Amino acid sequence: MTRGERRVVVTGMGAVTPLGADAEQTWQAMVAGRSGVGPIRSFDASPLPVRIAAEVRQFAAADHFDVRDARRVDRFAQLGIVAARQALAQSGLDVTRRPDRVGVVFGSGLGGLSTLVDQVGVLADRGPTRVSPFLVPMMIPNMAAGQIAIESGATGPTSCPVTACAASATAIGEAVDLIRMDRADAVVAGGADATVAPLCIAAFAQMKALSSRNDDPESASRPFDADRDGFVLGEGGAALVLEEREHARARGATALAEVAGWGASCDAHHLTAPDPHGAGAAAAMQAALADARVSAGAVGYLNAHGTSTQLNDRTEAMAIRDVVGTGAAVSSTKGVTGHLLGAAGAVEAIACVQVLASGLVPPTLNLERPDPDCGLDLVAGEAREQPVDVALSNSFGFGGHNVTLVLRRA
């Protein structure tokens, strides 16, 4: 079988998000337009200028890990590991049959930030001999990928893209390439981040990137709305089992969707601001469509990066109009999830799989007064019934990283 004949399908999905404990709960909340944003409960946020976030509340480490592992694995990796377990369970993939043909590509934007902050405090207050010997393996962003490989027994290619908010979308794209190039038959791909912590909230607030709607948290994340004032920080983990199509067929697995192609680019413009003309975002979409051999007119749904910031939403809309036009339904599920950073792309790819399977397009929560500069077919209010054969998912990150995934109905 040649590289061009090796097609990639999704056979399993898992997610632990502010909307629910698994992928199905997350999807049902998306379709219902039920927000996962609320006042911060995991710590005292009263001294901070922003006191709202999208926290994962239906998760307790003790329910998934023994006491030792719960203490030695950072929360971001815990969320990713549990999502990967769910995806593997749905897939039914027996990794032990050919562990060398199963890989893991799992991204993160910031890794174990909370562990790092905690241990800096230990060093300052109690001295170097009290710093945890587990600091480094808990902190480094690749540890979710490593732990998933260890637990599942996958000995194939394993890596961790750290492309900020595009990390898990990058992971999915790189996993597709591994399968196409015959370096793996299946890959667990996704990402995780858990950065709802005082330092991270303070830093993003200082950048003026966060919504300050502390008194009305559920309405704070409002992508493409004229009254948007910033994103809402969230946390979560999401994973997909990607598999070579004939390999999946041979073992009787159900293909949930096909990842038909992907594209990536860099703005090469600014540390945090997008290219004002949307050139990088457009290039990623064009590359993805070319890779998938899909025309722009075939796109029925686009899950936008849609962060709810003034700059991102306007420039992304410009890029979408330039490449896809205005015929596709567009929504941003960050209205309900908040921004899950390194997990966002995988959660949104799962949403696209669900759109393809169900014929339901989730709404953009809080889109009450669409920004006239956006000029797209934005889905607002409630979910739209619409059969979709091809869906795009955009993910963009600080540093100018842009990734677009093309998914096709199985």
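Structure first, text after, so check above.
Residues numbered from 1 in each chain as written. Predicted model: local features only at pLDDT ≥ 70, side-chain atom pairs only at ≥ 80, totals over all residues. Heavy atoms only, no water.

Engineer: So what exactly am I meant to see when it comes to the packing of helix α10 (residues 279–292) against helix α11 (residues 310–323) here?
Structural biologist: Two elements in contact, α10 and α11, have axes separated by 8 Å at closest approach and are oriented at 40°. For the pair α10 and α11, the crossing hand works out as right-handed. Contact residues: A281, A282, M285, Q286 and L289 in α10; A319, I320 and V323 in α11. Of the residues belonging to the contact of α10 with α11, the class tally is 7 nonpolar, 1 polar and no charged. (Axes fitted to C-alpha atoms, helices over the stretch in contact; angles between N-to-C directions. Helix = DSSP H or I, 4+ residues; strand = E, 2+ residues; numbered from the N terminus. Left-handed = near helix turned anticlockwise from the far one by under 90°. Contact = heavy atoms within 4.5 Å. Nonpolar A, V, L, I, M, F, W, Y, C, P; charged D, E, K, R; others polar.)

Engineer: What is the right way to read the nonpolar core from this model?
Structural biologist: Across soluble globular proteins, nonpolar side chains have a tendency to be buried as a group. With 51 residues, the main nonpolar core has I172, L240, L242, Y301 and L405 as its most contacted residues. Every element with two or more residues in this core is listed here: β1 (8–16), α1 (23–32), α7 (167–180), β6 (186–194), β7 (235–244), β8 (257–266), α13 (344–358) and β15 (401–409). Here the element with the most residues in this core is α13; it accounts for 10 residues. By size, the runner-up hydrophobic cluster in this structure holds 31 residues, among which are V73, A84, I148 and V241. (Core = buried A, V, L, I, M, F, W, Y, C linked by side-chain atoms within 4.5 Å. Buried < 20%, exposed > 50% of the residue type's maximum accessible area, 1.4 Å probe, protein only.)

Engineer: What am I meant to see in the side chain of T333 here?
Structural biologist: Looking at where T333 falls in the secondary structure, it is placed in the loop between β10 (329–331) and α12 (334–337). The residues touching T333, leaving out its near neighbours within four places in the chain, are M30, N303, E348 and P362.

By themselves, these observations are geometric and do not establish any function.
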